[in-house]
Amino acid sequence: MPLPKKPVIIVTGIPILGRDGKASDRVKFRRVIFLQQLGFSFGDRESLNLRYYDNDYHYNNSIMVSQLTKSSLQIANLEKLERIRHTCAHVMAMAVQVLFPETKVTIGPTTDTGFYYDFARQQPFTPEDLTKITKQMRLIIKANLPIIREEVDRDEIKAEIEQLEESYKLEILDSIPQGATITRYYIGSPDGGRLPDVGEKLKDALPEPSLIKPVKIPKSVSWWDLCAGPHVNYTGEINHQAFALESVAGAYWRGDETKAQLQRIYGTAWETPEQLEAYLQQKAEAKRRDHRRLGKELKLFSIQEDAGGGLVFWHPRGATMRYIIEDYWRKAHLDAGYELLYTPHVANLELWKTSGHFDFYRENMFDSMDIEEQAYQIKPMNCPFHVLAYQNDLHSYRELPLRFAELGTVYRYERSGVLHGLMRVRGFTQDDAHIFCLPAQIATEIVGVLNLTEKILSDFGFKDYEVNLSTRPDKSVGTDEGWELATQALVEALNNKGWEYIEDHGGGAFYGPKIDIKIKDAIGRTWQCSTIQVDFNLPERFDMEYVAADGSRQRPIMIHRAIFGSLERFYGILIENYAGDFPLWLAPIQIRLLPVSEEQREYAESVAANLKQAGYRVELDRTGERLGKQIRNAELEKIPVVAVVGQREVEHQTLSIRTRQQGDLGAMSLVELQENLDNAIANKANV
RNA sequence: GCUCUCGUGGCUUAGUGGCAAAGCACCUCCUUGGUAAGGAGGAGAUCACGGGUUCAAAUCCCGUCGAGAGCUCCA
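Parameters and conventions
- Residues numbered from 1 in each chain as written.
- Chains lettered and ligands numbered in written order.
- Predicted model: local features only at pLDDT ≥ 70, side-chain atom pairs only at ≥ 80, totals over all residues.
- Heavy atoms only, no water.
- Helix = DSSP H or I, 4+ residues; strand = E, 2+ residues; numbered from the N terminus.
- Buried < 20%, exposed > 50% of the residue type's maximum accessible area, 1.4 Å probe, protein only.
- Contact = heavy atoms within 4.5 Å.
- Pairing = 2+ DSSP bridges.
- Axes fitted to C-alpha atoms, helices over the stretch in contact; angles between N-to-C directions.
- Near = heavy atom within 4 Å.
- Polar contact = N/O pair within 3.5 Å; in protein donor to acceptor, adjacent residues only side chain to side chain.
- Nonpolar A, V, L, I, M, F, W, Y, C, P; charged D, E, K, R; others polar.
- Expected span 1.5 Å × (residues − 1).
- Salt bridge = Lys/Arg side-chain N within 4 Å of Asp/Glu carboxyl O.
- Parallel < 35°, antiparallel > 145°, perpendicular 65-115°, else oblique.
- Left-handed = near helix turned anticlockwise from the far one by under 90°.
- Right-handed = clockwise from strand over helix to strand, strands pointing away.
- Patch = residues over 30% accessible without salt bridge, like charges linked within 9 Å, V, L, I, M, F, W, Y side chains within 5 Å.
- Areas by Shrake-Rupley, 256 points an atom, 1.4 Å probe, with all protein chains shown as cover.
- Phe/Tyr/Trp six-rings, centres within 6.5 Å; stacked < 30°, edge-to-face > 60°.

1. A short note on the overall build of chain A
For chain A, the count of helices and strands is 20 helices and 31 strands. For chain A, buried positions account for 51% of its 687 residues. By sequence separation, contacts in chain A at least 24 residues apart represent 72% of the contacts at least 6 residues apart.

2. What about the sheet that holds strand β27 (residues 591-595)?
Across the sheet, five strands lie side by side as β28-β27-β29-β30-β31; this open sheet has mixed pairing. Two strands bound the open sheet, and with one partner strand each, they are β28 (618-620) and β31 (663-668). With strand direction ignored, the average angle separating the axes of adjacent strands in the sheet is 25°. Bridge count between strand β30 (residues 655-659) and β31: five bridges; the pairing is antiparallel.

3. Details of the protein's contact with RNA strand B
Of all residues adjacent to RNA strand B, which total 57 residues, the nearest are Leu226, Cys227, Gln261, Ser416 and Val596. Taking the atoms of RNA strand B that fall within 4 Å of the protein, sugar and phosphate contribute 46% of them. In the model, a base nitrogen of RNA strand B is placed 2.9 Å from a nitrogen or oxygen of the Tyr252 side chain. One of the side-chain nitrogen or oxygen atoms of Arg632 is found 2.7 Å away from a base nitrogen of RNA strand B. Those elements giving two or more residues to the surface near RNA strand B turn out to be α5 (167-175), β8 (182-187), β10 (243-252), β11 (261-269), α8 (291-297), α18 (627-636), α19 (647-652) and β30. The residue inventory of the surface near RNA strand B, partitioned by class, reads 20 nonpolar, 18 polar and 19 charged.

4. Examining helix α16 (residues 567-578)
Spanning twelve residues, α16 covers 16 Å between terminal C-alpha atoms, matching the ideal 16 Å at 1.5 Å per step. Within α16, eleven of the twelve residues are buried, leaving the element largely enclosed by the surrounding structure. Along α16, the residues classified as buried are Leu567, Glu568, Phe570, Tyr571, Gly572, Ile573, Leu574, Ile575, Glu576, Asn577 and Tyr578. Measuring from the backbone nitrogen of Glu568 back to the side-chain oxygen at the start of α16 gives 3.3 Å, which picks out Ser566 as the cap. In the stretch just after α16, Ala579 is the one whose phi turns positive, near 50°.

5. Remarks on the sheet that holds β11
Hydrogen bonds between backbone groups are what pair the strands of a sheet, and the pairing can be parallel or antiparallel. The strand order β5-β6-β11-β10 describes an open sheet built from four strands, whose pairing is antiparallel. Either end of the sheet is taken by a strand with one partner, and the two such strands are β5 (104-105) and β10. As paired elements, β10 and β11 share nine bridges and run antiparallel to each other. If you follow Ala244 over to β11, its bridge partner there is Thr268. Strand contacts of helix α7 (residues 273-288): β10 and β11, with the helix running at about 55° to β10, the strand carrying the most contacts.

6. Focus on the environment of His86
With respect to the helices and strands, the residue His86 is situated in helix α2 (residues 73-99). Once the C-alpha coordinates of His86 and Val232 are considered, the two residues, 146 residues apart in sequence, prove to be 8.5 Å apart. Apart from residues no more than four positions distant in its own chain, His86 is found in contact with Gly108, Thr110, Cys227, Gly229, Pro230 and His231.

7. Some thoughts on the pattern of salt bridges
Applying the stated criterion across every chain yields a total of 38 salt bridges. In this structure, the salt-bridge partner of Lys514 is Asp516, at a minimum N-O distance of 3.3 Å. In terms of burial, Lys514 and Asp516 fall into one category: buried.

8. Focus on the packing of helix α13 (residues 442-459) against helix α14 (residues 480-497)
α14 packs onto α13 with a crossing angle of 45° between their chain directions and a minimal axis gap of 8 Å. Considered as vectors, α13 and α14 are oriented oblique to each other. α13 and α14 meet at a crossing whose hand is right-handed. Where α13 approaches α14, its residues Ile442, Ala443, Ile446, Val447, Leu450, Asn451 and Glu454 are matched on the opposing element by Leu485, Ala486, Ala489, Leu490, Glu492, Ala493, Leu494, Asn496 and Lys497.

9. Side note on the pairing of β27
By the criterion of burial, β27 is predominantly enclosed, with five of the five residues buried. Relative to β28, β27 is paired through three bridges, and the arrangement is parallel. From the neighbouring strand, Ile591 faces β28, where its bridge partner is Val618. What joins β27 to β28 is helix α17 (residues 601-613), and the crossover it makes is right-handed. As paired strands, β27 and strand β29 (residues 641-645) are joined by five bridges and run parallel to one another. Directly across from Arg592, in β29, lies its bridge partner Val642.

10. Here's the deal with unusual backbone geometry
The omega torsion of the bond from Leu400 to Pro401 falls at 0°, within 30 degrees of zero and hence cis. Within the element layout of this structure, Pro401 appears in the loop between α12 (383-391) and β18 (402-411). Phi is positive for Glu165, which is not a glycine, with a value near 60°. Tracing the chain through its elements places Glu165 in the loop between α4 (154-164) and α5. A positive phi is found at Lys638, a non-glycine position, where the angle reads about 55°.

11. Thoughts on the pairing of β11
Regular strands have side chains that alternate between both faces of the sheet. Across the nine residues that make up β11, a large majority, seven, are buried. The pairing of strand β6 (residues 114-120) with β11 spans six bridges and is classified as antiparallel. Across the sheet, residue Tyr116 finds its bridge partner in β11, namely Tyr266.

12. Things to note about a nonpolar patch on the surface
The grouping of Val346, Met369 and Ile371 at the surface amounts to a nonpolar patch, some 200 Å² of accessible area in total. On the secondary structure map, Val346 appears in strand β15 (residues 346-348). In this structure Val346 comes out as partly exposed when scored by relative accessible area, which is 33%.

13. Focus: the environment of Asp367
By the secondary structure assignment, Asp367 is in the loop between α11 (357-360) and β16 (369-371). Along the sequence, Asp367 and Arg412 sit 45 residues apart, while their C-alpha atoms lie 10.0 Å from each other.

14. Side note on the environment of Val248
Turning to its location among the elements, Val248 is positioned in strand β10. Residues Val248 and Pro124 lie 124 residues apart in sequence; the distance between their C-alpha atoms is 8.8 Å.

15. With respect to the side chain of Arg592
Summarising the element assignment, Arg592 is placed in strand β27. When near neighbours in sequence (up to four residues on either side) are disregarded, Arg592 contacts Arg317, Glu619, Asp621, Asn633, Ala634, Glu637, Ile639, Val641, Val642 and Ala643.

16. What about the packing of aromatic side chains?
Under the definition given, this model contains 24 aromatic pairs. An angle of 75° between the planes, with centres 5.8 Å apart, marks the rings of Phe404 and Phe436 as edge-to-face. Taken together, the positions of Phe404 in strand β18 and Phe436 in strand β19 (residues 427-437) put the pair 32 residues apart, joining distant regions of the chain. Each member of the pair, Phe404 as well as Phe436, carries the same accessibility label: buried.

Remember that the coordinates give geometry; whether it matters functionally is a separate question.
Okay, here's the thing in structure tokens:
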């Protein structure tokens, strides 16, 4: 789908270029946010992945964007912000070397929200050090030093770097291809000393870090870094109130675990303090929605130290909601022509040798266990089991497509450091399905999957998607014709659905092309959940067959697909998306009855029984607290509807309803309440 | 796994060499109260675990375990 024929203005983001300044064949995606039309407010912005190569922005491999963007002011602003961030990284590196002269510099690129710089230094940077570095950076910014670009001779700069003993920079220099222009950027005049004198003194006798103070920067000094640029012209172009140092983290030199560990300081930088403030607020909002905190507060789930990391315990309220999600999922799949499977959690290791997982996926598998001298494996994937279920019978082409679906719990080894709440765990439930079909059925089946995906995701409140189509990589199995057929089927399905997508050229799995769908949450973050993959490999490995019309044995096509991806992770996304305020159909407790005093207890009990009988998830507050406290508790537990029962309600046989969204709604009859509830539940809405 | 930060009643946190504190939750009693905290009392901690330094360790040092952030962005 082409971009809308409206002016498109890029407001943030940056293309990634190859080392030679041009894009290589495969340029990484980078999010670019654009306004659809001049005059739209920033609330109307949308995001897309664009690529930049051959001096042009490319969207979906067409050259739609170039003429609209190249001359626009916003592009200039974009580049300016990028330059500010890059310069900010240099200013930070300079500040660090002023304060801690023993530190060696490495690289300092920009990020989506700011920049970082990796340093080599024995002593760790402390949070207090960050404060000192920030102060030093402000001094450098206030000195408004010029930033000067200089093209340099390789041998000359090499000698200079050697003299400074900047071993990492030397390595970088050596990695720059011969013939490329080598540049350095000065902060301050090249004629000055490299760093303030005090820095040189510090080099001899390092004081206690606690004694290190920001150093006033004279105009005459300079600092430089080997760098491709670009930068702003003066340090004063950085707003000294629009940047902040955020954290220190470990990072490996060249991102390689076997190489030296460096200290990375992350920072954020913006053009104005207001933008910084907005960014910090977004961060605070994300923290407010953190599913780990809400999961504990709302008593949904826990992860128990005694049991081990990455293993989830679902508590009654969390389990209730999970049950509702699973129940919904099963009905939706049965309606869409799937059949349900249950398969074991462990099986003979041979199965994973056949499937190839043991060769390709071993580092994510738990060790096998010995059962009567046979190796058994806890399952990291469901697919081989579904293949075995298929192979239990001989299938006719008339039976295809067969759609097997399972909420299959798998266990994968994840390194302890990457575990994260529900988002990254060691045991999780895939909403897995495998479609076995004829080659000619692929396109129809994919459309079916896309329709089901859209229905399910939108029922959970996710209506914005970002779609990727990943095509054949260099190393792959299967025939050219097979890939062509499958890829065309995916394209056809996407076009049929009318969905815009981004083609990730060569980004497919080795066994087939795929479609990935990312959902956008309430605060604009994207999460990849759904995936649809065509597989030529497993049918081959397991020698799967069906009997064709002419009686010959043919190989079926296998389509893997998941909509939630991981039920645990999707649940975590739901918590963050709704900030714990779930729509009525999902809320673990839908209604809580609050008696004003003991006298209404009997009436409240009978109302509660009625509602429960009618299928609502209802609870009666038996704490004996005053009404105000009962309401406060219900609000803190984010219960969507409370019904107050006092003397008045008993007399009139009504309930006073208060919802989380709308507050006090006044009295209504039980029938009226049920109508309202049913309405909200049917619309999958909040009340 | 690696780097840094952090582990104090069920929860959230204070205390950073000298008697283990507070709020919430829990239990008991009083209060029968009308839309976000009524009052009083009580119980509850081997300060993650193991070792060391010290007259004295929650606090300092070493180790172990666990949690959090980061380890994709490449002069």
